[in-house]
Amino acid sequence: MEAGGLPLELWRMILAYLPLPDLGRCSLVCRAWRELILSLDRTRWRQLYLGCAECRHPNWPNQPDVEPESWREAFKQHYLASKTWTKNAAILETSVCFSLFRRRRMRRTLSVGPGHEFHSLGSALAMSSLFDRILLFPGLHEEQGEIILKVPVEIVGHGKLGEVALLASIDQQCSTTRLCNLVFMPAWFSPFMFKTTSGHVQFDNCNFENGHIQVHGPGTCQVKFCSFKNTHVFLHNVPLCVLENCEFVGSENNSVTVEGHPSSENNWAYTHLLGLIRSSPGVLPTEDSDSLMSLDLESRDQAWSPRTCGIVIEGSQSPTSPTTGSPRAGSQDAEVGSNGERVARTPDSSDGGLSPSGEDEDEDQLTYRLSYQVQGPRPVLGGSFLGPPLPGASIQLPSCLVLNSLQQELQKDREAMALASSVQGCLIRKCLFRDGKGGVFVCSYGRAKMEGNIFRNLTYAVRCIHNSKIIMLRNHIHHCRASGIFLRLEGGGLIAGNNICHNAEAGVDIRKKSNPLILCNQIHHGLRSGIVVLGNGKGIIRNNQIFSNKEAGIYILYHGNPVVSRNHIFKGHAAGIAVNENGRGLITENVIRENQWGGVDIRRGGVPILRSNLICFGYSDGVVVGDEGKGLLEGNTIYANKGCGVWMMASSLPHVTSNHVSYNGLYGVAVFSQKDGSGEFPGGHGAQENFSEDGDAILWETELEKDDDPLRRPITIALVESNSVNHNGASGLYIQSSEALHIVTNVIHANRVRGITVAQSSQLTRVANNSISCNRQSGVKIEAQCKVELRGNGIYDNRGHGVITKGDSTVMENDIIGNRGSGLQLLPMSDTKVIKNRIHSFRASSIAVQGHAKALVQENTIFQGRTNKTIFQQSSNNQECIIQNNRFLVFKKSDTWRLANPPARPHLENSLRGPSAAHGGQKVTAMATRITAHVEGGYHSKRSIFCTIL
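Reading the values: rules and limits
- Residues numbered from 1 in each chain as written.
- Predicted model: local features only at pLDDT ≥ 70, side-chain atom pairs only at ≥ 80, totals over all residues.
- Heavy atoms only, no water.
- UniProt positions renumbered as here; feature names shortened; annotations may be inferred.
- Helix = DSSP H or I, 4+ residues; strand = E, 2+ residues; numbered from the N terminus.
- Buried < 20%, exposed > 50% of the residue type's maximum accessible area, 1.4 Å probe, protein only.
- Contact = heavy atoms within 4.5 Å.
- Areas by Shrake-Rupley, 256 points an atom, 1.4 Å probe, with all protein chains shown as cover.
- Arc of directions from axis to C-beta.
- Pairing = 2+ DSSP bridges.
- 1 Å grid on protein atoms, 1.4 Å probe; cavity = no way out; pocket = protein on both sides within 12 Å on 5 of 7 lines; lining within 4 Å.
- Points joined across faces, edges and corners; volume = space filled by probe spheres on them.
- Nonpolar A, V, L, I, M, F, W, Y, C, P; charged D, E, K, R; others polar.
- Phe/Tyr/Trp six-rings, centres within 6.5 Å; stacked < 30°, edge-to-face > 60°.
- Lys NZ or Arg CZ within 6 Å of the ring centre and 35° of its normal.

Under an unreviewed UniProt entry, the name given to the protein chain is F-box only protein 10 isoform X1, and the organism recorded is Bos indicus. As recorded by UniProt, the Pathway (unreviewed entry) comment attached to the protein chain reads in full: "Protein modification; protein ubiquitination."

Peer 1: I tried to follow the overall build of the protein chain on my own but got confused; where do I start?
Peer 2: Regarding its fold elements, the protein chain presents 11 helices and 80 strands. Here the protein chain, with 950 residues, has 59% of them falling under the buried criterion. Here the analysis covers contacts within the protein chain between residues at least 6 apart in sequence; of these, 54% occur between residues at least 24 apart. Total accessible area on the protein chain is roughly 36,800 Å²; 51% of this is exposed by carbon and sulfur atoms.

Peer 1: What am I meant to see in helix H4 (residues 41-50) here?
Peer 2: Of all the positions in H4, only Asp 41, Arg 44, Trp 45, Leu 48 and Tyr 49 are classed as buried. Summarising the axial view, the buried residues of H4 lie within an arc of 135°, below the 170-degree limit, and thus occupy one face.

Peer 1: Would you mind showing me how to read the pairing of strand S58 (residues 733-737) here?
Peer 2: Regular strands show a simple pattern: their side chains alternate between the two faces of the sheet. The element S58 is largely enclosed, with a buried count of five among its five residues. Taking every second residue as pointing to the same face, both faces of S58 are buried, with Leu 733, Ile 735 and Ser 737 on one and Tyr 734 and Gln 736 on the other. Taken together, the four bridges between strand S55 (residues 669-672) and S58 define a ladder with parallel strand orientation. For Val 669, the partnering residue across the bridge sits in S58 and is Leu 733. In terms of strand pairing, S58 meets strand S61 (residues 756-761) through five bridges, oriented parallel. Bridged to Ser 737 within S61 is Ser 761.

Peer 1: How should empty space enclosed by the protein be read in this particular structure?
Peer 2: Empty space among the atoms can be located by rolling a probe the size of a water molecule over them. Counted under the stated rule, the structure contains two cavities of 30 Å³ or more. Residue assignment for the lining of the second largest cavity shows that the elements contributing at least two residues are strand S13 (212-216), strand S14 (220-224) and strand S16 (232-236). Its residues assigned to classes, the lining of the second largest cavity shows eight nonpolar, no polar and no charged.

Peer 1: Where do I start with the pairing of S13 in this structure?
Peer 2: Where strand S10 (residues 192-196) and S13 come together, four bridges link them in parallel fashion. Bridge assignment links Lys 195 to a residue of S13, and that residue is Gln 214. Relative to S16, S13 is paired through five bridges, and the arrangement is parallel. Within the sheet, the bridge partner assigned to Ile 213 lies in S16 and is Val 233.

Peer 1: Help me out: how do you make sense of the environment of Asn 536 in this one?
Peer 2: Inspection of the secondary structure assignment puts Asn 536 in the loop between strand S37 (531-533) and strand S38 (540-542). Expressed as a C-alpha distance, the spacing of Asn 536 and Ile 556, which sit 20 residues apart in the sequence, is 9.8 Å.

Peer 1: Can you walk me through the environment of Leu 20 in this structure?
Peer 2: Mapping Leu 20 onto the fold places it in helix H2 (residues 20-26). For Leu 20 and Arg 44, which are 24 residues apart along the polypeptide, the C-alpha to C-alpha distance reads 9.4 Å.

Peer 1: Explanation requested: unusual backbone geometry in the structure shown.
Peer 2: Note: most residues except glycine have negative phi, and most peptide bonds are trans. Along the chain, Trp 60 connects to Pro 61 via a cis peptide bond; the corresponding omega equals 5°. Here the bond from Gly 217 into Pro 218 is cis, since omega is 5°, no more than 30 degrees from zero. Despite not being glycine, Asn 467 shows a phi value in the positive range, around 60°. Relative to the assigned elements, Asn 467 resides in the loop between strand S28 (454-464) and strand S29 (469-473).

Peer 1: Mind showing me how you'd approach the packing of aromatic side chains here?
Peer 2: Given two aromatic rings, one states the distance between the centres and the angle between the planes to describe the pair. Inspection of the entire model under this criterion finds 15 aromatic pairs. Aromatic side chains Phe 184 and Phe 203 sit 6.1 Å apart centroid to centroid with 90° between the ring planes, which places their arrangement in the edge-to-face category. In this pair, Phe 184 sits in strand S9 (residues 183-185) while Phe 203 sits in strand S11 (residues 200-204), placing the two residues 19 residues apart along the sequence. In this arrangement the basic side chain of Arg 56 is found over the ring face of Trp 60, its NZ or CZ atom lying 4.2 Å from the centre. It is Arg 593 that lies over the ring of Phe 570; its NZ or CZ is 4.5 Å from the centre.

The following block contains the structure:
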């Protein structure tokens, strides 16, 4: 633009000298002039805003160094807000008698101070009329009696803030008033500096020290750019109150108390305040404002372990079929370990079903291939979580576990969106609460909304009790000496998009039937737990990042019963989620990783439902079910934890079903009857029993709720069913328990030691309809004095013996095929019934009885393996081994063997099914499809024989 030959830069210099009214007139000339006026935002508009004595920096007190997006817009918002108190001027003036016959009166300015028209505020008020302006000049103005405001007036301090101090107790009885640029202190006779019961009051750029402010509904108030030092703001039944850009310092009690349900009777200012709130920016979060929920948050915490695998967020679902494990270098020879157990040191190459062949055997020895397909319960996750963890490699996280932004969550949840958009009671926005006892206290059906505030160095930030509701959006709560947010006695509301950190107690404490929605928050670096739910507390905890807390990320106890879903809980110094002292809860679709203790820890009556969670990369166990812990573990992926996948006590009666347990450092599933694991499990779990968030445990026991949850199926025996347990560092299942246990329809595959080890079982352990294959040592090992029943299992291609037993066991109707050692080895002092099995071993005897083992071998089908091995091997002087009605099959030319009547085991038609059985595709089947035997040597005339097992 060049008008009159002047360049644009020169016009800006000229216009920079214009006052506000002239700038407004110039912007109305034409579109080009309007654009020119708007371009002065960083110069003239900024100068006008900062030169106004009635306002402070638009981002004070939280970010005074950050410039606003538009100085002109900030100035406009302040100007409109400062005129709210005069919106009823026309109504008041026309209500005066004979107003139609009088000329409109001009507002007067009354001066108060030494050498001015009035010597005191009281005398000026006595002479004031409607909407007069009372100007207090610098000095200390002390009133000896209570001041009653009967007509609307504006009381303004002249000069800089702090130069005018007012010691008074003011009772507003008029419809509206405004106080600006003053320092308030209480009078000697009353702690109340200001109170109103029905009118509207507006405070701008004031300081309040060591007193109280009280507003009763239907009265309203609007407070902006004010500082409160040891001052209590009490709001009782207010329909609407706005506290914006204020600072609360050094309170000895609560800084703000909101009590009572908002009054249904609204004064004249309610509509104007509501319109002002909705027209101002920042009420609802936007995509840009959701930076707090960025998944790059982990970069804040630099203490990552070198073994940590990064996580790459991708939207596509990975395949769910098992992949081939990586081979390991090492000797291919087999050696005989203690108790005659065959220990293989061969590569683990049979994930998908092909066993090693050849192994440098002589030509007259057998080579074979065993091909089969294992279809276990489809894991919740695929891709990266089916292969071995690789240090430094990225992990693909499926879309179902990706965190959404706050805006995305609100768009999906209409109820939450309506709650976030609502304004009722008290609105506290962009305020700073620091260095005091309490921040905001909401009680007795009160309503409060807090947005964009900072709470720091307080005893607590927010308390919500007695059926009250709070809405907290994008606040920063840190370094509280107790809990950050505290809800009890049926408190509720929405807590969303907040950053809650470094608090001495829990970040969020939910008790006594409180039921909030906790959404898209960051809760981290707490000195105790992230979230605590107890005393029949409830709540929905969804889409949060909870990390680096010293105790459990989420701690549920004393009949707490929340819904915990789609959270990322990681790098905690204790458990990810702890459920103790009769805690409950539905815990679903969470990512729980890299925690120091168990990913989920269940003890002392805890009865949660864990469903479809990813529990991975923990420094201890994936899931711990300790003393008296119960619950349902269904459909979880438990992956690459340094300890066990699942560590549990059979006496607790847990139900473990349809989980994918793989690549854990120790056992896949370990079952014990003692807390220390009787020495078999390193690094005992008793330490976590130190959890205690409150000492008043007895108080919660008086308020128990009826346990009528239809999702829980009562069981009387610990049950492990329909799980895929594979590639773990020790045995797939390890049992050392004096309680009964059922192990049913699991796939136990390619574990680094044995498939199942029963070290202690004084009561019956029932192992039925499982597929046990390709484990590094034996398929099943049963120690002395253990009571075990093996029925309907398929035990294939394990690198040691198929089954080793020294205990009291029943082996019935199993397929024990293709194992490198003996199919079945009965050690001295064992008492075994071997009935109706199909047994085959290529490299050793199908059944080997050592020493004085007691056995009944009856009605079995036994296939011959290598040519120089007998089918059945036993000590000649053993009189307690009874062999009868067995069928022995020896290789002959062109023989074909088939597993028919019944087909290859396991069979699932009559097996015990849990709740997961209804889920399509989550079934356990194992089928040995073909054994190809190539025999060379004189016995078979150097001709090939194919044996097909269907």
